[in-house]
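Okay, here's what each chain looks like letter by letter:
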Number of protein chains: 2
Amino acid sequence: MIRTKIKSALHSSQPGENIKVSGWVRTRRDSKSGFSFVELNDGSCMANLQIVIDQSVPDYDTLIKDVTTGASISVTGKVNESPGKNQRIELHAESFYLYGTADADSYPLQKKRHSFEFLREIAHLRPRTNTFGAITRVRNEAAYAIHRFFQSRGFIYIQTPIITTSDCEGAGEMFQVTTLNLERLAQVQTEIDFSQDFFGKPASLTVSGQLEAEIFATSLGECYTFGPTFRAENSNTSRHLAEFWMIEPEMPFYDLEDNMALAESFVRTVIGDVLQNCPEDMEFFNQRIDQTTIEKLRNITDNEFIRISYTEAIEILKSSGKQFDFPIEWGSDMQSEHERFLTEEHFKQPVIVYNYPRTIKPFYMRCNDDNKTVCAMDVLVPGVGEIIGGSQREERYDILVDRMQEGGLVPDEYWWYTDLRKYGTVPHSGFGLGFERLIQLMTSMTNIRDCIPFPRTPKNAEF
Amino acid sequence: MIRTKIKSALHSSQPGENIKVSGWVRTRRDSKSGFSFVELNDGSCMANLQIVIDQSVPDYDTLIKDVTTGASISVTGKVNESPGKNQRIELHAESFYLYGTADADSYPLQKKRHSFEFLREIAHLRPRTNTFGAITRVRNEAAYAIHRFFQSRGFIYIQTPIITTSDCEGAGEMFQVTTLNLERLAQVQTEIDFSQDFFGKPASLTVSGQLEAEIFATSLGECYTFGPTFRAENSNTSRHLAEFWMIEPEMPFYDLEDNMALAESFVRTVIGDVLQNCPEDMEFFNQRIDQTTIEKLRNITDNEFIRISYTEAIEILKSSGKQFDFPIEWGSDMQSEHERFLTEEHFKQPVIVYNYPRTIKPFYMRCNDDNKTVCAMDVLVPGVGEIIGGSQREERYDILVDRMQEGGLVPDEYWWYTDLRKYGTVPHSGFGLGFERLIQLMTSMTNIRDCIPFPRTPKNAEF
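Residues numbered from 1 in each chain as written. Chains lettered and ligands numbered in written order. Predicted model: local features only at pLDDT ≥ 70, side-chain atom pairs only at ≥ 80, totals over all residues. Heavy atoms only, no water.

Focus on the overall build of chain A
Let me state the cut-off plainly: For helices the rule is a DSSP run of H or I covering at least 4 residues; for strands it is a run of E covering at least 2, with both sets numbered from the N terminus onward. A contact between two residues is defined here by any heavy atoms of the two lying within 4.5 Å. Only the protein chains shown count as cover for residues, with accessible areas throughout obtained via the Shrake-Rupley method and a probe of 1.4 Å.
Helices and strands together make up the secondary structure of chain A, namely 14 helices and 16 strands. Taking the principal axes of the C-alpha coordinates as reference, chain A spans close to 85 × 60 × 45 Å. Contacts in chain A between residues far apart in sequence, at least 24 positions, make up 67% of those at least 6 positions apart. Here chain A displays about 18000 Å² of accessible surface, and carbon together with sulfur accounts for 45% of that area.

Digging into the interface of chain B and chain A
Applicable threshold: Summed over both partners, the accessible surface that disappears when two parts come together, traced with a 1.4 Å probe, is what is meant by buried area. When a carboxyl oxygen of Asp or Glu lies within 4 Å of a side-chain nitrogen of Lys or Arg, that pair is called a salt bridge. Between N or O atoms, a polar contact is any pair within 3.5 Å; within protein, one atom must be a potential hydrogen donor and the other a potential acceptor, and residues adjacent in sequence are included only when both atoms are from side chains. Each pair of strands is called paired provided DSSP finds at least two bridges between the two strands.
At the junction of the two partners, chain B supplies 119 residues and chain A supplies 119 residues. Between chain B and chain A lies a buried interface of about 9500 Å² when both sides are counted; carbon and sulfur atoms form 63% of it. The largest contributions to the chain B side of the interface with chain A come from Gln159, Phe198 and Tyr423 of chain B, which together make up 8% of the buried area. Taken together, the links from chain B to chain A amount to four salt bridges. Of the charged contacts in the structure, one is a salt bridge between Glu222 of chain A and Lys5 of chain B, with a shortest N-O distance of 2.7 Å. Scanning the region where chain B abuts chain A turns up 47 residue pairs in polar contact (both at pLDDT 80 or more). Among the elements that take part in the side of chain B that touches chain A, helix α4 (residues 130–152) of chain B stands out by supplying 11 residues, more than any other. Pairing of strand β8 (residues 176–178) of chain A with strand β8 (residues 176–178) of chain B involves three bridges; the strand directions are antiparallel. Bridge pairing links Val177 of chain A to Val177 of chain B in β8 of chain B.

Quick look at unusual backbone geometry
All names here are of chain A. Spelled out, the test is: Buried residues are those whose accessible area, probed at 1.4 Å on protein chains only, stays under 20% of the maximum for their type, while exposed residues exceed 50% and partly exposed ones sit between those limits.
Of note in the backbone geometry, Phe253 takes a positive phi value of approximately 65 degrees without being a glycine. Looking at where Phe253 falls in the secondary structure, it is placed in the loop between β11 (243–252) and α7 (256–277). Phe253 gets classed as buried once you look at its relative accessible area, which sits at 14%. In this model, Asn355 sits at a positive phi of 60 degrees, which is unusual for a non-glycine residue. Among the secondary structure elements, Asn355 is positioned in strand β13 (residues 351–357).

What about the pattern of salt bridges?
For side chains of opposite charge, pairing can occur when their charged atoms come near one another. Scanning all chains against the criterion turns up 51 salt bridges over all chains. For Arg139 of chain A, the salt bridge goes to Glu436 of chain A, with nearest N and O atoms at 2.9 Å. Linking Arg139 of chain A in helix α4 (residues 130–152) with Glu436 of chain A in helix α14 (residues 435–443), this pair joins segments that are 297 residues apart in sequence. There is no split in this pair, since Arg139 of chain A and Glu436 of chain A are both buried. Between Lys318 of chain B and Glu329 of chain B there is a salt bridge, with its nearest N and O atoms 3.0 Å apart. In this pair, Lys318 of chain B sits in helix α10 (residues 310–318) while Glu329 of chain B sits in the loop between α10 and α11 (336–346), placing the two residues 11 residues apart along the sequence.

Brief notes about the sheet that holds β13 of chain A
Across a sheet, strands are paired by hydrogen bonds formed along the backbone, either parallel or antiparallel in direction. Residue and element names in this part refer to chain A. So the rule is basically this: Geometry is summarised by axes, namely lines fitted to C-alpha atoms with helices restricted to the contacting stretch, and by angles between N-to-C directions that run from 0 to 180 degrees.
With mixed pairing, the eight strands of this open sheet are ordered in space as β6-β10-β11-β16-β15-β14-β13-β12. Each end of this open sheet is capped by a strand with a single partner; those strands are β6 (156–157) and β12 (306–309). Looking at chain direction, strand β14 (residues 373–381) and strand β15 (residues 385–392) are connected through six bridges and run antiparallel. Note on β15: the bridge partner recorded for Ala376 is Ser391. With respect to the sheet, helix α11 (residues 336–346) is in contact with β13, β14 and β15, its orientation differing from that of β14 by roughly 60 degrees.

Quick look at the pairing of strand β2 (residues 35–41) of chain A
Looking down a regular strand, the side chains alternate between one sheet face and the other. Residue and element names in this part refer to chain A. Counting buried positions along β2 yields six of seven residues, so the element is predominantly enclosed. From the end of strand β1 (residues 18–30) to the start of β2, which pair antiparallel, there are four residues, and Gly34 there has a positive phi angle of about 85 degrees. Bridge analysis of β2 against strand β3 (residues 49–54) gives six bridges, and the strand direction is antiparallel. Residue pairing across strands places Ser36 opposite Ile53, the latter belonging to β3.

Side note on the domain arrangement of chain A
How large an interface is tends to be reported as the accessible area lost when its parts come together. The criterion, for reference: Residue ranges for the domains originate in an automatic or database domain assignment.
What the domain assignment lists for chain A is domain 1 (6–100), domain 2 (128–172 + 207–450) and domain 3 (177–205). Relative placement of domain 1 of chain A and domain 3 of chain A: their C-alpha centres are 58 Å apart.

Points about the sheet that holds strand β2 (residues 35–41) of chain B
Residues and elements named next belong to chain B. Strands sit in the order β1-β2-β3-β5-β4 around a closed barrel of five strands; the barrel is mixed. Sheet twist, expressed as the average angle between the axes of neighbouring strands with direction ignored, equals 55 degrees. Note that strand β4 (residues 72–81) and strand β5 (residues 89–100) share 10 bridges and pair antiparallel. Across the sheet, residue Glu81 finds its bridge partner in β5, namely Ile89.

Structural notes on the nonpolar core
This is how the line gets drawn: In this text, buried Ala, Val, Leu, Ile, Met, Phe, Trp, Tyr and Cys residues form a nonpolar core when linked through side-chain atoms within 4.5 Å.
Grouped together as the largest cluster of nonpolar side chains are 155 residues, with contacts concentrated most on Phe266 of chain A together with Phe266 of chain B. Every residue in contact with Phe266 of chain B, bar those within four places of it in the chain, is listed here: Ile146, Phe149, Phe150, Ile247, Ile388, Phe431 and Leu433 of chain B.

Here we look at the packing of aromatic side chains
The condition that has to hold: Planes of paired rings set the category: under 30 degrees apart is stacked, over 60 is edge-to-face and the rest tilted, where pairs are Phe, Tyr or Trp rings (Trp by its six-membered ring) whose centres lie within 6.5 Å. Here, a charge over a ring is recorded when the distance from Lys NZ or Arg CZ to the ring centre is within 6 Å and its angle to the ring normal is within 35 degrees.
Scanning the entire structure with this criterion turns up 60 aromatic pairs over all chains. With centroids separated by 5.6 Å and ring planes inclined at 80 degrees, the aromatic side chains of Tyr310 of chain A and Trp330 of chain A adopt a geometry described as edge-to-face. Of this pair, Tyr310 of chain A sits in helix α10 (residues 310–318) while Trp330 of chain A is found in the loop between α10 and α11, placing the two residues 20 residues apart along the sequence. A relative accessible area of 0% means that Tyr310 of chain A is categorised as buried. Following the ring pairs from residue to residue traces out a cluster consisting of Phe216, Phe363, Tyr364, Tyr414, Trp415, Trp416 and Tyr417 of chain A together with Phe454 and Phe463 of chain B. Looking at Lys361 of chain A, its charged tip hangs above the ring of Tyr356 of chain A, at a distance of 4.3 Å from the centre.

Some remarks on helix α7 (residues 256–277) of chain B
Quick note on the threshold: One less than the number of residues in a helix, times 1.5 Å, gives the span that helix is expected to have.
In this model α7 of chain B runs 31 Å from its N-terminal to its C-terminal C-alpha over 22 residues, within 8% of the 32 Å that 1.5 Å per residue would give. Capping the start of α7 of chain B is the job of one residue whose side-chain oxygen sits 3.1 Å from the backbone nitrogen of Glu257 of chain B: Asp255 of chain B.

Quick look at the structure:
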């Protein structure tokens, strides 16, 4: 018989139907009158299917004791209306098959609360918990919603390189990639010879696909990346990962206004899709992780984003009377506390801050005519602060080269990037969104390490 | 005025409409009677829009000379029926704006044929050519078709780690990832101390997400990866990249039969979607790259795949009378020439070969009862040979551990992988597809370096 997924059974199976389900046992309760209740989960949804196996079912006597938490079984039987009020239906087993046991003494995921720290140590089993099942399904829905958003608007998905010999921000601590024999390199005193390395020169892991995305935006139209990026920062915070996924759209003929409009529409659409398509999982986060989760997300989907210039933002912060750990003045970078004050306390809704001082922003952002600010924009939302950073790009060759030199970069090393301004340059804009930050926002998980299947952080690349 | 994309203009704009288009000039021809024809492309489709700019248009006299190949302009004007037979409509300019020039003496992409080798050296400009525009659009459509295929079947998209301390195949040359100061390491004679490295131990770039995907398949159901993978092989062939994207679905409760059925459906659906949704680009490959392209792809979408065992395949090869460079015997790995003979000459259609000798396959493939073969399968298609490799996975703990030891692996290093067999093990299967090989198949491009935006190969990580 074809396997029915539990999500489908719970939604559509009717009393009287014969079905087969397969999955992992969450709990088993034995009644004194010769039957057992099994809660079975197969990952297709949060809810378990309740299964009744009575002693007349073949192998009940010999096998039921091994149908413990974590064991894998398949069950064939008849769907009945459930007398319990927690579920519409239940399955009355006619036969069952035990694929694999899970020794109750050693299986780490017994029915009790486990700390997220502990679950990180068994990241290979944590998808079997309610929380990580829900995170994984929400992550999947968000990823697909992102593709739908861009594809429906004619954007082209491009894969920018992971191994690179450029550095987008001109800064950022990068992982080196090499095939040199490091042990031998250490043992023999010598000068390093990168011509012997795989790529013939020093190579590292990308921190952003933006510069390469600009190549496609200025030839084929709106495009976006969705791929892994890396930071070799020794940051042990709840908001940093050494490896994370980024979405970076890049659009020709978009100015900063167009860019802000797209970013707003993007955030609202993706969150709206997840709320609509993962109601059960989102309800779980709202009940178990943070009871303001759905309200916080509805605040984002239901309100137009406030737009204020950096200069206005500084005025608000200075006249707020609020004591900040980092004092703020025009010209200084906003810290998380400032961003969160603006979006959480002052406006109490999403805010886009634009036109930042040029001295605190990278070379590729377009200079405004005031010569003091650049066409940058950050999207701030209650709960996490900055979720998107973007800008209109500097499309004027001379100004771009000046800005590179100002920042200590060697324009020749970016010959292909400056070429885009030499040959048929056009105004263009783009932004970046850290995928795990978005998942953190949507799930209310405190630690970003729980928002990616296998987190990479200092001293940790297990699994 | 809102910009109309050229694809939309060519398909839907009606004579009499006023529109604005923006893009890059492919060619300009000046007539003697005071007007110019401009072919404009914006990447939204292969075709250009023909624009007529006459000398009454403001700035014509001063600017038209700079409207050269590669220059970027926007044009506002009225749509007219075209008297030419190559296009339905043309645009009569009322005004135009020159964003950026492209100096005719230095712009490398003048109107002429360029070799693909040369275009690889200017990979930042090659998306402006017909060929690379078409490849990029087909790549985008294939990527989205892959997501649609899996999402519509309830598969979960997961992102497996890029930086890893495991090695899926137990072999394969891997890139090392480090933050150690290599120059200092070379200069001072010492023992290497990986505890000082970012992850506290040697780390490398993943060669496959399969093992981690199995974690999700055996907890949450059908899933798939779609991400970059790496091989540090010194292969300078037209079929190898050091960095490439892989799709790796993994399915619980699937045996080898189910796995083959899914792989067949996957290949046929994705190729069928691209044929249907990119007709203009596919026609281009069929006319300009290889005139058998569409016929070759229709052969895949329209025929059920032949299924034969490895043993049958060897018999066919041995009795073929064909002289192979590598002689073939039961027990030896098939070479590309054998695979291509089977699919291109013998069957002349796609073939799935299954049940390979255990000695030539990795530890994770399920052993058959004959003790000689494993539940492996390779999908072979005319034109490229092997396009998919997969297997039913060994779900039995003891046999898996034996197989690891047989292959010289230390099971303890795979503790989390073997744990999946200890706790609620289930039969499961999966396969892998190299995305660029698929693109190569669909576009008929000879060199795989032309099937990815920025190829990484030995001595080359430019852009």
